[in-house]
Amino acid sequence: MAKEVFIIGNGPLPHDLSGRVDAAAHVVRFNEPKASIDWSGTRTDWLFVNNSGKPMQRRILSREYAHLPTVQAADFIFFAYHPITIRNYLIKPNFLSRLKGRRADWTLDALEMFGRVNKKVAILPPSYYEEGCDMLGIPERDRRTVFPTTGFFGIRYTLERFAGAEWDIHICGFSWEGWKRHAWNAEREWMLRQVEERNLTFWRAG
């Protein structure tokens, strides 16, 4: 019998999957649970995190984030963006934002935060980001205005490492909407191709 892997986004789920998720062989999550928080259990093996910009600043300043059940359960934390990637591609705050303490790269602060709660951390290499842009069809000229999501990199990384008939992969909690600078349509089309080619199970909300 195949072992179940759940890749859980932060969007709505079709129904309560908590028991099934917590009993799975491997669970992948992203940043922090939102719409899926009450229906997806707490088991977390890999947690992929956006270590850039305002979202990471907010998590670092929060006293609660590092102690969330899903963060505490995580066996491994992955930073989606290498400092070289942040420097070369991601949006930098303007002067007034910098005066408020904002910055693009929170990697060192995030390492310290996760280190204080005894978490192992890995950083995806710059080449992984560039390959991801190629896979989504984002041309070089647009790579400073359109950005792949943490979810895309986490799904890609997981599918690369859980291949074969022994793994039954379920993907849920993805609606491909949000910040206008993400390549939502390209990511949705890429994901649906993976579902078709690999016979993955995609749980649609609603």
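Residues numbered from 1 in each chain as written. Predicted model: local features only at pLDDT ≥ 70, side-chain atom pairs only at ≥ 80, totals over all residues. Heavy atoms only, no water.

Visitor: Help me out: how do you make sense of helix α2 (residues 53-61) in this one?
Guide: Because an α-helix completes one turn every 3.6 residues, residues spaced three or four positions apart along the sequence face the same direction. What α2 keeps buried is the set Gly53, Met56, Gln57, Arg59 and Ile60. In an axial view of α2, the angular spread of the buried residues amounts to 165°, which keeps them on one side of the axis. Exposed side chains of α2 directed beyond 90 degrees from the buried face belong to Lys54 and Leu61. Among the structural elements, β3 (46-49) and α6 (107-116) are those in contact with the buried residues of α2. (Buried < 20%, exposed > 50% of the residue type's maximum accessible area, 1.4 Å probe, protein only. Helix = DSSP H or I, 4+ residues; strand = E, 2+ residues; numbered from the N terminus. Arc of directions from axis to C-beta. Contact = heavy atoms within 4.5 Å.)

Visitor: How should the pattern of salt bridges be read in this particular structure?
Guide: Two side chains with opposite charge may pair up if their charged atoms get near one another. As enumerated under the stated definition, the model contains 13 salt bridges in all. For Arg116, the salt bridge is made with Glu112, and the minimal N-O distance between the two is 3.1 Å. A residue pair is termed a helical-turn pair when its members lie 3 or 4 positions apart in one helix, as Arg116 and Glu112 do in helix α6 at 4 residues. Within this structure, Glu131, Arg156, Glu160 and Arg161 form a network of salt bridges that share partners. (Salt bridge = Lys/Arg side-chain N within 4 Å of Asp/Glu carboxyl O.)

Visitor: What should I look at first to understand empty space enclosed by the protein in this one?
Guide: It is the rolling of a water-molecule-sized probe over the atoms that shows where space remains empty. One pass over the full model with this rule turns up 1 cavity of 30 Å³ or more. Estimates place the volume of the largest cavity at around 30 Å³. Ile8, Gly9, Asn10, Arg29, Phe30, Glu32, Pro33, Ser36, Leu47 and Thr70 are the residues that line the largest cavity. Partitioning the lining of the largest cavity into residue classes produces 4 nonpolar, 4 polar and 2 charged. (1 Å grid on protein atoms, 1.4 Å probe; cavity = no way out; pocket = protein on both sides within 12 Å on 5 of 7 lines; lining within 4 Å. Points joined across faces, edges and corners; volume = space filled by probe spheres on them. Nonpolar A, V, L, I, M, F, W, Y, C, P; charged D, E, K, R; others polar.)

Visitor: Is there a simple way to explain the pairing of β3 in this structure?
Guide: Along a regular strand, successive side chains alternate from one face of the sheet to the other. Neither face of β3 is left uncovered, since the one carrying Trp46 and Phe48 and the one carrying Leu47 and Val49 both have all their residues buried. Relative to β3, strand β2 (residues 26-30) runs parallel, the two sharing 3 bridges. Residue pairing in the sheet places Arg29 in a bridge with Leu47 of β3. Bridge count between β3 and strand β4 (residues 76-79): 4 bridges; the pairing is parallel. Looking across to β4, one finds that Trp46 is bridged to Phe76. (Pairing = 2+ DSSP bridges.)

Visitor: How do you make sense of unusual backbone geometry when you look at a structure like this?
Guide: Peptide bonds are mostly trans, and most non-glycine residues show a negative phi. The residue Asn118 is not glycine, and still its phi comes out positive at about 60°. Relative to the elements of secondary structure, Asn118 occurs in the loop between α6 and β5 (121-123). A positive phi is found at Trp176, a non-glycine position, where the angle reads about 55°. Position of Trp176 among the secondary structure elements: in the loop between β6 (167-172) and α9 (184-198). Take Trp176: its relative accessible area is 13%, and that puts it in the buried class.

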